[in-house]
Amino acid sequence: MKFMLILASDPSLEPDPTSPDFEAYMGEWFAYSQALTAAGIEFSGEALQGDDTATTVQVRDGERLVTDGPFIEAKEVIGGFYVIDVPDLDAALDWAAKIPNVCFGTVEVRPVMSFD
Amino acid sequence: MSTGEFDVTAVFRDEWPRLVAHLVRDVGDVGLAEDAAQEAFVEAARRWSPGNTPDVPAAWLLTTARRKAIDQLRRSKRLSERLADLAAEAHLTGQGDIGDGRGSSPGIDGNGGRDDLVDDQLALLLGCCHPALSFEAQVALTLRIVAGLSSAQIARAFFVTESTMTRRLTRSKTKIRAANIAFHRSNLETLHERLPVVCAIVYSIFTEGHASAAAPTLLRGDLCDEAIWLGSLLRQLVPHDAEVAGLLALMTLTDARRATRVDHDGQPIRLRDQDRSAWDRAQIDHGLQTLGAAYAMRDAGQYQFQAAIAAIHATARTFAETDWSAIIGLYDVQLRRQPSPILALNRAIALAERDGAAAGLEALDDIRERIPFSGELDNYPYFHTSSAEMLATLGRYSESVAPFERALAVCTNDAERAHLALRIDQVRCSDVDVARRRPDHA
């Protein structure tokens, strides 16, 4: 079954792109995708631009309300997601615990709704 | 149950968790397994009578429950590929009449054997205590699915309405289903890391029964009984774990004092004042035996340590004969292993018993001044009660009022609050008496 792993972290804790640590950090993300592939797990995922680029939209009484900023202003922001297909929650939690920024951020694990 | 119906409760205790565990493996859904097991017991209560019971009740229950599960799957149209297998199996094992269990014994005994069943029950416990569930849900599910209590019984035990408890259970089962929390044997790979959570849940059920923060009375034996039953089951399932044995020893030794811990009005009786002749000797012996088994495994842990202290109390003929040096020694070892404010407090209390209240007070002052975690103790009523009692023992009544009042302010158990209020009155009176007796005051 499919789970979405929603990645949230405080961007100030990430290695700066100009720092020497950055390359190693990016390497961890590639290694993570490779590990998923090697385990034969179907997955997809994207990384997102910072929440200073976020725009929220609501429609109320037919009127479109567009606001600058994310859902909720918080220290930890959503930085990306994976959708993985694994047998059960324990397997999903194991993969969540291997995500490179989980050691300073938070991963929310949500079962994807199935409409069969 | 009306008269004329056969009493199935004797069978229920042992068979419930085995039946649910077996059904979870068969149907792969814990809610469905639980409903089917319940219906099978209802059917048993209706159909069994003295002289007309199946030879192998477990097999009869399993056959009946499987049929109920299939019915429910049909009704809810959640027909999976498993249905065909299940139907075939149910057909093979007969029609579910009383005679079914006779002769060949299909079902539990004939299908997988003892070890499988142990693993299934263990997987059930681990599933109920899954860390993805809230603490409240873990407790409620363990009592419902493993111990077989009804949601009404659990609701009564935790002083919430039945509909609140039913909602809590339904919500947890929805999450189990939606997130696919494993209740099968793949769980057992992580047994070692998850066993502490299971022990903690069982022990929290025990302490909830033993000294309840939410309850108006101090002792709720029903929850203690359930916890000890769960602890015994866990010990059967995991016989080679020292902490599992230690936990059962601790609960058994503590519970042996149950009859003497409160008076007729529900007021707590201090250990020193308890009638030791009313302690349950058989339970103490059982607890000591289990503690011995834990000790022989040479793997010390917090439950075994607490059980060792309970054992020293349980085997002292009188309060005065308690081996306080041995208790202080145990606290010293444990404080080195795992420092905690509660341990330091208990060590100070033991020290006061051995060397006098002045030494105890000194140890409490030490905790307050030198130990970084002393802040946590400020909201812990027993810290203030201990300090107050030591001051009172030394005749420093007026000084003891403030810590008694602080204890009263942070204590949430009604019976203990009443006791504290009484003590405040007593020390105030004593203080007046002392003042009257002083010649310079006259």
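Conventions and cut-offs
- Residues numbered from 1 in each chain as written.
- Chains lettered and ligands numbered in written order.
- Predicted model: local features only at pLDDT ≥ 70, side-chain atom pairs only at ≥ 80, totals over all residues.
- Heavy atoms only, no water.
- Helix = DSSP H or I, 4+ residues; strand = E, 2+ residues; numbered from the N terminus.
- Buried < 20%, exposed > 50% of the residue type's maximum accessible area, 1.4 Å probe, protein only.
- Areas by Shrake-Rupley, 256 points an atom, 1.4 Å probe, with all protein chains shown as cover.
- Pairing = 2+ DSSP bridges.
- Axes fitted to C-alpha atoms, helices over the stretch in contact; angles between N-to-C directions.
- Contact = heavy atoms within 4.5 Å.
- Salt bridge = Lys/Arg side-chain N within 4 Å of Asp/Glu carboxyl O.
- Polar contact = N/O pair within 3.5 Å; in protein donor to acceptor, adjacent residues only side chain to side chain.
- Domains from an automatic or database assignment.
- Buried area = accessible area lost by both parts, 1.4 Å probe.
- Patch = residues over 30% accessible without salt bridge, like charges linked within 9 Å, V, L, I, M, F, W, Y side chains within 5 Å.

## Considering the overall build of chain A
Piece 1. Along its length, chain A carries two helices and six strands.
Piece 2. Starting at the N terminus, the α and β elements of chain A follow one another as β-α-β-β-β-β-α-β.
Piece 3. When the backbone C-alpha atoms are referred to their principal axes, chain A occupies close to 50 × 45 × 15 Å.
Piece 4. Counting across all 116 residues of chain A, residues that qualify as buried make up 28%.
Piece 5. Total accessible area computed for chain A in this model is approximately 7,900 Å², and 56% of it derives from carbon and sulfur atoms.

## Comments concerning the sheet that holds strand 5 (residues 77–85) of chain A
Either a parallel or an antiparallel arrangement is found when strands of a sheet pair, and the pairing is made through backbone hydrogen bonds.
Residue and element names in this part refer to chain A.
Piece 1. With antiparallel pairing, four strands are arranged side by side in an open sheet as 2-5-1-6. Looking at strand neighbours, the two that pair on one side only are strand 2 (43–47) and strand 6 (106–111), the edges of this open sheet. For this sheet, the mean angle separating the axes of adjacent strands, direction not counted, is 15°.
Piece 2. Here helix 1 (residues 21–38) sits on the sheet and contacts strand 1 (2–9), strand 2 and strand 5; the angle it forms with strand 5, its principal contact strand, is near 20°.

## Looking at the pattern of salt bridges
Oppositely charged side chains can form a pair if their charged atoms are brought close together.
Residues and elements named next belong to chain B.
Piece 1. Overall, the coordinates contain 26 salt bridges over all chains when judged by the stated rule.
Piece 2. One salt bridge connects Asp-273 with Arg-270, and the closest N-O pair in it is separated by 3.4 Å.
Piece 3. Here Asp-273 falls in the partly exposed class, since its relative accessible area comes to 47%.
Piece 4. Taking relative accessible area as the criterion, Arg-270 reaches 38% and is therefore assigned partly exposed.

## Concerning the interface of chain B and chain A
Piece 1. In this complex, chain B contributes 11 residues to the contact, which on the side of chain A involves eight residues.
Piece 2. Connecting chain B to chain A are one salt bridge.
Piece 3. Note that Arg194(B) is salt-bridged to Asp90(A), the shortest N-O span being 3.7 Å.
Piece 4. If you look at where chain B meets chain A, you find four residue pairs in polar contact (both at pLDDT 80 or more).

## Description of the domain arrangement of chain B
Residue and element names in this part refer to chain B.
Piece 1. Domain assignment breaks chain B into domain 1 (8–112), domain 2 (113–239), domain 3 (240–316), domain 4 (323–373) and domain 5 (380–442).
Piece 2. Of note, the centres of domain 3 and domain 5, computed from C-alpha atoms alone, are 30 Å apart.
Piece 3. Every contact between the two is made by four residues of domain 3 and, on the other side, five residues of domain 5.
Piece 4. A combined buried area of about 330 Å² lies between domain 3 and domain 5, and 55% of that area is made up of carbon and sulfur atoms.
Piece 5. Area buried by domain 3 at its contact with domain 5 is led by Gln-267, Pro-268 and Arg-270, which between them contribute 90% of it.
Piece 6. Linking domain 3 to domain 5 there are zero salt bridges.
Piece 7. Viewed at the interface, domain 5 and domain 3 are joined by zero residue pairs in polar contact (both at pLDDT 80 or more).

## Remarks on a nonpolar patch on the surface
Residues and elements named next belong to chain A.
Piece 1. Nonpolar side chains collect at one region of the surface, where Leu-48, Phe-71, Ile-72 and Ile-78 lie side by side and expose about 490 Å² of accessible area between them.
Piece 2. Mapped onto the elements of the fold, Ile-72 is located in the loop between strand 4 (63–68) and strand 5.
Piece 3. Using a relative accessible area of 65% as the deciding quantity, one classes Ile-72 as exposed.

## Points about the environment of Pro57(B)
All names here are of chain B.
Piece 1. Looking at the element boundaries, Pro-57 is found in helix 3 (residues 57–76).
Piece 2. Note on Pro-57: relative accessible area 23%, which makes it partly exposed.
Piece 3. Ignoring any residue separated from it by four or fewer positions in sequence, one finds Pro-57 in contact with Val-11 and Trp-48.

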